[in-house]
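Residues per chain, in single letters:
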Amino acid sequence: MSDATSNPIPEPTAGVDGDLAARAAQLDAEDGLGKLRERFTLPDGVVYLDGNSLGALPAAVPDAMSDVVRRQWGELLIRSWDESDWWTAPERIGDRIAPLVGAAPGQIAVGDSTSVNLFKALVGAARLAAPGRTRMLVDATTFPTDGYIAASAARMTGLEIVPVDPSGAAERMTADTAVVLLNHVDYRTGRLHDLPALTRAAHAAGALVVWDLCHSAGALPVGLDAHGVDLAVGCTYKYLNGGPGAPAYLYVAARHQDGFDSPLPGWNSHAEPFAMTPEYEPARGAARARVGTPDILSMLALESALGVWEGVDVADVRAKSLALTDFFLECVAAYVPAGKVEAVTPAGHAERGSQVSLRCGNAREVMAELIARGVVGDFRAPDVLRFGFTPLYVGFADAERAARTLGHIFG
Ligand SMILES: *Cc1c(COP(=O)(O)O)cnc(C)c1O
């Protein structure tokens, strides 16, 4: 990583160390979202800062799943496709996610993995693009699966892949550009990219843009409709707490739905699935993004998990996320000896997602030691410690303890 993407942790301010635990207690007492932690089941004594990899278990999910398995499956059996509304779950749950990403209803279908939805989105976008355009611009810093899928989608649609750094992506968008794929937040550094400006730039060049929201949905406002995004994908097991392997989602803006030509037109996306006709006729609306039989158990765990957002404003989540990451960086500066770690997450709020990434020597061993001491973050090769801040269930005392523990490891 270049120097431009890093900022050294500032020197501790004199006298601050002794105050940090008290400050954390005060901040937690004033935190309007603090009581939401009760909506989750978390092990005692653990500071969980890995909700950007696997969100915590919402407390309502085990009973909801027991009902789904014992009654809906066990007793109602096949009738549940209608009587328990299994059939319409992908669109219904899509509409539950919609307000979290700033989308009006009817544009999101839940199902399949992020990787599969990316494939649908990229091929669909290439088929929607103006004819004669030859290039697909792909975020060079992306989570690897996005790059692998993009390469295949480009090969299938006859486009040439052009890797771009998101910070310089706007200048690379030209009259040749068909599709642009970008991550809203960089999974490794936690850098937040400028979705409104990059979307405007893509449109000014006549291209379509596909956003990957894996590290932003549920952590900060996205504004898909407001900013005119064309297509977007995201997972639900990170900040949306849907559980391991929970299905992902695909957003196709309403204005593109009639032209969206899915490369995976399964029977669930048919206008009349139960007509069982040999000819394919695509459904209208969000259902066109479906493929085959939905993964109902995971999907209904997700639906129950989304209950934690009841009455929660994403703007408040964002405000707390920034306060938490600011406070964590301040505590790290106070507790960790100078020069031991370096923040790769931007200091500026406009460029920060909901995680703090610290670069250090022996990062793999340092993270293993943190986990052994009850502070769970994760390690990303080659040298990054990641700490995800999920404002629904992480508090300021957690941030302080995590930084203090890190300080002890280096002390
Ligand atoms: C987590 C993540 C994925 C995960 O893809 P799956 O197909 O759900 O395994 C993809 N892209 C990004 C940017 C991610 O952060």
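Residues numbered from 1 in each chain as written. Predicted model: local features only at pLDDT ≥ 70, side-chain atom pairs only at ≥ 80, totals over all residues. Heavy atoms only, no water.

Draft legend 1. Inspection of the packing of aromatic side chains at higher detail. Scanning the entire structure with this criterion turns up eleven aromatic pairs. Relative to Trp267, the ring of Trp87 lies with its centre 5.4 Å away and its plane at 55°, an arrangement referred to as tilted. On the criterion of sequence distance, the pair formed by Trp87 in the loop between α3 (80-83) and α4 (89-97) and Trp267 in the loop between α9 (254-257) and α10 (296-305) is long-range, its members being 180 residues apart. Look at Trp267 and you get partly exposed, because its relative accessible area is 36%. Consider the rings of Trp87 and Phe274, whose centres lie 4.9 Å apart with planes at 55°: the pair is tilted. With Trp87 in the loop between α3 and α4 and Phe274 in the loop between α9 and α10, this residue pair connects regions lying 187 residues apart in the sequence. Taking the relative accessible area as the measure of exposure, Phe274 reaches 55% and is therefore exposed. Put simply, the rings of Trp81, Trp86, Trp87, Trp267 and Phe274 touch in pairs and so form one group of aromatic residues. Seen from the ring of Phe143, Lys238 lies directly overhead, with NZ or CZ sitting 5.3 Å from the centre. (Phe/Tyr/Trp six-rings, centres within 6.5 Å; stacked < 30°, edge-to-face > 60°. Helix = DSSP H or I, 4+ residues; strand = E, 2+ residues; numbered from the N terminus. Buried < 20%, exposed > 50% of the residue type's maximum accessible area, 1.4 Å probe, protein only. Lys NZ or Arg CZ within 6 Å of the ring centre and 35° of its normal.)

Draft legend 2. Focus on the site of the ligand. Near the ligand the following residues occur: Ser113, Thr114, Ser115, Phe143, Thr145, Asp146, Asn183, Asp212, Cys214, His215, Tyr237 and Lys238. A distance of 3.1 Å separates an oxygen atom of the ligand from a polar side-chain atom of Thr114. Across the complex, the protein chains shield 87% of the 390 Å² of accessible surface that the ligand would expose by itself. Breaking the shell around the ligand down by element, the ones donating at least two residues are α5 (114-128) and α6 (144-157). Taken together, the residues of the shell around the ligand sort by class into three nonpolar, six polar and three charged. (Near = heavy atom within 4 Å. Polar contact = N/O pair within 3.5 Å; in protein donor to acceptor, adjacent residues only side chain to side chain. Areas by Shrake-Rupley, 256 points an atom, 1.4 Å probe, with all protein chains shown as cover. Nonpolar A, V, L, I, M, F, W, Y, C, P; charged D, E, K, R; others polar.)

Draft legend 3. Region of interest: the sheet that holds strand β7 (residues 160-164). One open sheet holds the seven strands; their spatial order is β5-β11-β10-β9-β8-β6-β7, and the pairing between them is mixed. In this open sheet, the two edge strands, each paired with only one partner strand, are β5 (108-110) and β7. In this sheet, adjacent strand axes meet at a mean angle of 15° when their direction is disregarded. Bridge count between β5 and strand β11 (residues 249-252): three bridges; the pairing is antiparallel. What sits directly across from Ala109, in β11, is Leu250. (Pairing = 2+ DSSP bridges. Axes fitted to C-alpha atoms, helices over the stretch in contact; angles between N-to-C directions.)

Draft legend 4. Highlighting the pattern of salt bridges. If you walk through the whole model with that rule in mind, you get 20 salt bridges. Across the salt bridge formed by Arg191 and Glu351, the nearest N and O atoms sit 3.0 Å from each other. One end of the pair, Arg191, is in the loop between β8 (177-183) and α8 (195-204); the other, Glu351, is in the loop between β12 (341-343) and β13 (355-360), and 160 residues separate them in sequence. Judged by relative accessible area, Glu351 falls into the partly exposed class, the value being 36%. Here Glu342 makes a salt bridge to Arg359, at a shortest N to O gap of 2.8 Å. Here Glu342, found in strand β12, pairs with Arg359, found in strand β13; they are 17 residues apart in sequence, far enough to count as distant. You can call Arg359 buried: its relative accessible area is 16%. Look at the salt bridges and you will find they share partners, linking Glu342, Arg359 and Asp383 into a network. (Salt bridge = Lys/Arg side-chain N within 4 Å of Asp/Glu carboxyl O.)

Draft legend 5. Examining the domain arrangement of the chain more closely. As far as domains go, the chain holds domain 1 (16-59 + 312-410) and domain 2 (88-293). Look at where the C-alpha atoms of domain 1 and domain 2 centre, and you get two points 30 Å apart. With 31 residues of domain 1 in contact, the opposing surface of domain 2 contributes 20 residues. With both sides pooled, the region where domain 1 packs onto domain 2 buries about 1900 Å², and carbon together with sulfur makes up 57% of that total. Counting across the interface, domain 1 meets domain 2 through one salt bridge. One can count twelve residue pairs in polar contact (both at pLDDT 80 or more) joining domain 1 with domain 2. For the side of domain 1 that touches domain 2, the elements supplying multiple residues, two or more each, are α11 (314-335), β13 and β16 (384-388). Considering each element in turn, the side of domain 1 that touches domain 2 owes the most residues, five residues, to α11. Partitioned by chemical class, the residues of the side of domain 1 that touches domain 2 number 14 nonpolar, twelve polar and five charged. (Domains from an automatic or database assignment. Contact = heavy atoms within 4.5 Å. Buried area = accessible area lost by both parts, 1.4 Å probe.)

Draft legend 6. Quick look at unusual backbone geometry. Between Ala381 and the following residue, Pro382, the backbone shows a cis peptide bond with an omega angle of 0°. Summarising the element assignment, Pro382 is placed in the loop between β15 (378-380) and β16. Positive phi, close to 55°, is recorded for Asp85, a residue that is not glycine. The class of Asp85 is partly exposed, set by a relative accessible area of 42%. A positive phi angle, close to 60°, is found at Asn241, a residue other than glycine. Turning to its location among the elements, Asn241 is positioned in the loop between β10 (231-234) and β11.

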